[in-house]
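# Notes for the structure review
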Amino acid sequence: MTDITAAELAPRIDTVVTAVDGVHQAYSARPIVARTYERAADVDGSLAAVHDGRGSRDITVCIGVTADKDSADVAARVADAVRAAGSDDSVSPRVRVRVARLVAPAS
Amino acid sequence: MSENNDEVGSSGFSLEDLSAYLDRGRVPRIAAIERDAECQAVLASMERMGRLSREIVDEQAAEPLAESWYDDIMREVMREFRAGRDIPLARTDDGTEIVVTEGALYELIRCVGDGVEGVIVGRVRLDQPEPDAPLDVRVSISVVFGRRMTDAVDEMRDGIRTAVERQGDLRVGRVDVTVGDVHLEEEEEA
């Protein structure tokens, strides 16, 4: 049983992800249907995808990483931050970090 | 929004939509574009190519680069930046799944080319014959007239290998760099 709803947790995650060193930007990881709805309704939903199943929670975040960093290292720290964002929850989530861009460092 | 099928990933926007958005200075802000990784990658590439086209194409005759080189490269970029499959990047003890998209690797390789003097990256191909096998990379480039081609190719090859192998568990197999074009610098034309 989760103590924090998906809708409550997702914005928390968005905040902590972009604060991780090496993260260039966070992007929408939500399903295409949700993104299509948001585009049509012109609303900014959360970027993180938080999906609750039976007794489990799956969290996916999508990030861009500065290309001079090890994106696996950055992604691992993002995953730690995601877990910490929901640390007051009783369910330990499955976390997926998708590196969608490797971006040239600012010159 | 365009209704043609020239869609960038699953964003619902076409190359023309993004080009128009860029021309407008990204104003008014369209959240669906700003929050979409593939749109952002294509926009970044458009900005780079826009700078290059101003520096090169507007200042010189079409030869030796083909007149349609901008369109050709943007078509390649579009194809490449479709996210493609997810490639495992690292294994973790806590079960976290960390993946990188093929599109991100294409962008990384283009970044390498941007950092090599006198090189414009044309086509990029990635191939991984088996899961967990090293990635094979094929790149075609244009080299500025007067630059020793072998130096440019070596720099590209080393840069690609270093950049990709910096990323988690990824390993690179073959790196084939082909010089498919030669271009002139602006001042050489003046």
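Figured I'd write up the structure that's included with this text. (Residues numbered from 1 in each chain as written. Chains lettered and ligands numbered in written order. Predicted model: local features only at pLDDT ≥ 70, side-chain atom pairs only at ≥ 80, totals over all residues.)

### Overview of the overall build of chain A
Quick note on the threshold: The way it works is that DSSP assigns letters per residue, a run of H or I at least four long becomes a helix, a run of E at least two long becomes a strand, and they are numbered from the N terminus. Atoms considered for the radius of gyration are the C-alpha atoms alone. The globule rule reads 2.2 Å times the number of residues to the power 0.38. Here a residue counts as buried when 20 or more other C-beta atoms sit within 10 Å of its C-beta, as exposed when there are 12 or fewer, and as partly exposed otherwise, the C-beta atoms being derived from the backbone. It is the C-beta atoms, placed from the backbone, that decide contacts: two residues are in contact if theirs lie within 7 Å.
A count of helical and extended segments in chain A gives three helices and four strands. Scanning chain A from its N terminus toward the C terminus, one meets helices and strands in the order α-β-α-β-β-α-β. Against the globule reference of 13 Å for 107 residues, chain A gives a C-alpha radius of gyration of 14 Å, in line with a compact fold. The principal-axis extents of the C-alpha atoms in chain A amount to approximately 45 × 35 × 20 Å. Looking at the 107 residues of chain A, the share that counts as buried comes to 42%. Considering only intrachain contacts with a sequence separation of at least 6, the fraction spanning at least 24 residues in chain A is 73%.

### Description of the pairing of strand β4 (residues 94–103) of chain A
The following threshold applies: What makes two strands pair is DSSP finding at least two bridges between them. By convention, orient the strands away from the viewer: a clockwise path from the first strand over the helix to the second makes the crossover right-handed.
Across the ten residues of β4 of chain A, eight count as buried, placing the element largely inside the fold. Note that strand β3 (residues 57–66) of chain A and β4 of chain A share nine bridges and pair parallel. Directly across from I63 of chain A, in β4 of chain A, lies its bridge partner V99 of chain A. For the crossover that starts at β3 of chain A, traverses helix α3 (residues 71–85) of chain A and ends in the parallel β4 of chain A, the hand is right-handed. Summarising the sheet, β4 of chain A and strand β2 (residues 97–101) of chain B pair through four bridges and their orientation is parallel.

### What to know about the interface of chain B and chain A
As a reminder, the rule being used: As a working rule, the residues Ala, Val, Leu, Ile, Met, Phe, Trp, Tyr, Cys and Pro are called nonpolar, Asp, Glu, Lys and Arg charged, and the rest polar, with Gly in that last group.
Across the boundary between the two partners, chain B contributes 32 residues, which contact 28 residues of chain A. Among the secondary structure elements, those contributing two or more residues to the side of chain B that touches chain A are α2 (31–34), α3 (37–55), β1 (86–91), β2 and α5 (102–114) of chain B. The leading source of residues in the side of chain B that touches chain A is α5 of chain B, at seven residues. Across the side of chain B that touches chain A, the residue classes tally to 15 nonpolar, ten polar and seven charged.

### Some points on the sheet that holds strand β5 (residues 172–183) of chain B
Residues and elements named next belong to chain B. Here is the rule we go by: Inter-axis angles, ranging from 0 to 180 degrees, are taken between N-to-C directions of lines fitted to C-alpha atoms, where helices are fitted over the stretch in contact.
Ordered in space as β3-β4-β5, the three strands form an open sheet in which the pairing is mixed. Looking at which strands have only one partner, the edges of the open sheet turn out to be β3 (119–127) and β5. Mean inter-strand twist for the sheet, computed between neighbouring axes without regard to direction, equals 15°. As judged from the nine bridges shared by strand β4 (residues 135–144) and β5, these two strands associate in the parallel manner. Of the residues in β5, the one forming a bridge with L135 is V172. Along the sheet face, α5 touches β3 and β4 and points at about 150° away from the line of β3.

### Quick word on the packing of α5 of chain B against helix α6 (residues 149–165) of chain B
All names here are of chain B. So the rule is basically this: Roughly parallel covers angles under 35 degrees, roughly antiparallel covers those over 145, roughly perpendicular covers 65 to 115, and oblique covers all other angles. Handedness of a helix crossing follows the sense of rotation of the near helix relative to the far helix, less than a right angle counterclockwise being left-handed and clockwise being right-handed.
Direction vectors running N to C along α5 and α6 enclose 140°, while the axes themselves pass 9 Å from each other. Considering their axes alone, α5 and α6 lie oblique with respect to each other. Where α5 crosses over α6, the two elements pack in a sense that is right-handed. Here L105, L108, I109, V112 and G113 of α5 lie close against α6, whose contacting residues are M156, G159, I160, A163 and V164.

### Looking at helix α1 (residues 6–18) of chain A
All names here are of chain A. The condition is simple: One fewer than the residue count of a helix, multiplied by 1.5 Å, yields its expected span. The arc under discussion is defined with respect to the helix axis, by the directions toward the C-beta atoms.
Taking 1.5 Å per residue, 13 residues should reach 18 Å; α1 reaches 19 Å between its end C-alpha atoms and fits that length. All of the buried residues in α1 are L9, A10, I13, V16 and V17. On an axial view of α1, the arc spanned by its buried residues comes to 135°, and they lie on one face. Among the exposed residues of α1, those pointing more than 90 degrees away from its buried face are A7 and T15. On its buried face, α1 sits against β1 (23–27), β2 (49–52), β3 and α3.

### Remarks on the packing of α1 of chain A against α3 of chain A
All names here are of chain A. Where α1 contacts α3, the two axes come as close as 9 Å, and the packing angle between them is 140°. In the packing of α1 onto α3, the handedness of the crossing is right-handed. Each of L9, R12, I13, V16 and V17 in α1 lies in contact with α3, whose residues at this interface are V78, A81, V82, A84 and A85. Partitioning the contact of α1 with α3 into residue classes produces nine nonpolar, no polar and one charged.

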